[in-house]
Structures are given as structure tokens and as C-alpha cells.
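This is what each chain is made of:
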Amino acid sequence: AQSVAQPEDQVNVAEGNPLTVKCTYSVSGNPYLFWYVQYPNRGLQFLLKYITGDNLVKGSYGFEAEFNKSQTSFHLKKPSALVSDSALYFCAVREGGGADGLTFGKGTHLIIQP
Amino acid sequence: EAGVAQSPRYKIIEKRQSVAFWCNPISGHATLYWYQQILGQGPKLLIQFQNNGVVDDSQLPKDRFSAERLKGVDSTLKIQPAKLEDSAVYLCASSEFLGLGDTQYFGPGTRLTVL
């Protein structure tokens, strides 16, 4: 069965500094990996995804993520954090060959301090 | 392009009552999903439709939950009777196709409180 782990409940970063939100996954087939962001009282907004090809994926709002097959990781990154990036971030996986929907991690609160 | 629409946004009911949620996916999207998000957790898939057929409902508590997508567009999710543990945000999502790499777009959700 597929699973996702987000080891940090909360990440604190000063504005202007680089940020990383960690995600590791477990699948038996090929992974399809996604990052979503959730603002209070709103649904999930799609940021980026990895299907195949380049390990570095670029997405919305200056975010990018690096797929590392050997470490089974898909960490979300941004070179320079903004206060407006403060939100709840979810990593999700879907497994090639399966018919399931997305399996989500429990989420990481990202707090950008001015 | 209009996004996924859901209503109501908030609902408060007492246990053992029934409740229904409505979802209108992005125009032209064939696949529709319902997720349950309990406070402090990530969303969990309840049911997945392809057009008006069910693809996966293995995690739907069928003794109390039901869902339909009769004309392959709008969908309703019903709970009858509700339990305290059903308090959660119910998210609807849609994608253009059924492909594993297809992006799912989410609606704003319905926050259900069961007293």
C-alpha cells in the first residue's frame, strides 16, 4: 500500500531565507508525487507534480521540488520565502498501476516570520 | 475557468440526523473524487467516479455514507445517520481524465460539525 510521511509538523523560516518542507513516500510501483497548499477555510491548491523525467520540478509561486528515487523523497523548496507562503502544505502520492486516489501526508505548517 | 464548486460551506447537525453535500466539478472533467479531511490529518479518499460510474469506493463507510453522480456531472454525498466522528471537512475534487498523473483540482470544502 502507498504511504506518505511528512516528518515535521511545523517549519519556521525567516522571510527571505530558503525553505524546505520534507516528504518521503513508500510505493511498490512507480510514484506519481504531488504538492498542495491549503490556506485557512479554503480547499487545496495544486503547486506541482512529478510524473517522470527531470528530477527537479518547478511549480507555482516560485516553488520547486526534487525527486530522489534512492531516498524515496520529494522535498518542497523555495529559494526565498515570503510571509504570504505561510500555510499548510500537503505531499501526496499515487502509485502507477493502482486505481486509488491520492494518499496524503498529514501536512506541515509552514510559518514565515517577517 | 470556474473551479470546483461545493455547497453548503458549513453545516451543523445533531448525531443521527442526515446531511447531504453537493459538488459541481470543473466543466469537462470526467473524474470526480470525494475526500474526508479530519482536523489535523490529510484528506482521505472516500469515493472516485469516472463519468457516472464508481471506480473506487473501498474506503466509503457504506452503512451510512452514499454518493451518486447520476448524469456524470454534479455529485452528491450523503450521510445517514451521522455520528460524532463524521465531523470533518468534505472535499470534492475533479480531474480531466482518470490518468494517475492527472492533476486533481479541489473545491473549498464543506465543514461538517456533528453535535
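Now for a description of the structure that goes with this document.

Rules used in this analysis
- Residues numbered from 1 in each chain as written.
- Chains lettered and ligands numbered in written order.
- Predicted model: local features only at pLDDT ≥ 70, side-chain atom pairs only at ≥ 80, totals over all residues.
- Heavy atoms only, no water.
- Helix = DSSP H or I, 4+ residues; strand = E, 2+ residues; numbered from the N terminus.
- Contact = heavy atoms within 4.5 Å.
- Buried area = accessible area lost by both parts, 1.4 Å probe.
- Salt bridge = Lys/Arg side-chain N within 4 Å of Asp/Glu carboxyl O.
- Polar contact = N/O pair within 3.5 Å; in protein donor to acceptor, adjacent residues only side chain to side chain.
- Nonpolar A, V, L, I, M, F, W, Y, C, P; charged D, E, K, R; others polar.

### Section: unusual backbone geometry
Inference 1: Residues B:S7 and B:P8 are joined by a peptide bond in cis, for which omega reads -10°.
Inference 2: With respect to the secondary-structure elements, B:P8 resides in the loop between β1 (5-7) and β2 (10-13).
Inference 3: Here the bond from B:Q80 into B:P81 is cis, since omega is -5°, no more than 30 degrees from zero.
Inference 4: Mapping B:P81 onto the fold places it in the loop between β8 (75-79) and β9 (88-95).
Inference 5: For A:Y61, which is not glycine, the phi dihedral falls at a positive 60°.
Inference 6: Here A:Y61 is to be found in the loop between β7 (56-58) and β8 (64-68).
Inference 7: Notably, A:T72 is not glycine yet its phi reads approximately 45°, a positive angle.

### A word on the interface of chain A and chain B
Interfaces are frequently sized by the accessible area removed from exposure as the parts join.
Inference 1: Contacts between the two partners involve 24 residues from chain A, matched on the other side by 25 residues from chain B.
Inference 2: Between chain A and chain B the total buried area reaches about 1,700 Å² when both faces are included, carbon and sulfur atoms providing 50% of it.
Inference 3: Interface area lost by chain A to chain B is led by A:N41, A:L44 and A:R94, which between them contribute 29%.
Inference 4: Our enumeration of links across chain A and chain B arrives at 0 salt bridges.
Inference 5: Where chain A packs against chain B, one counts 6 residue pairs in polar contact (both at pLDDT 80 or more).
Inference 6: Here the side of chain A that touches chain B is composed, by residue class, of 10 nonpolar, 8 polar and 6 charged.

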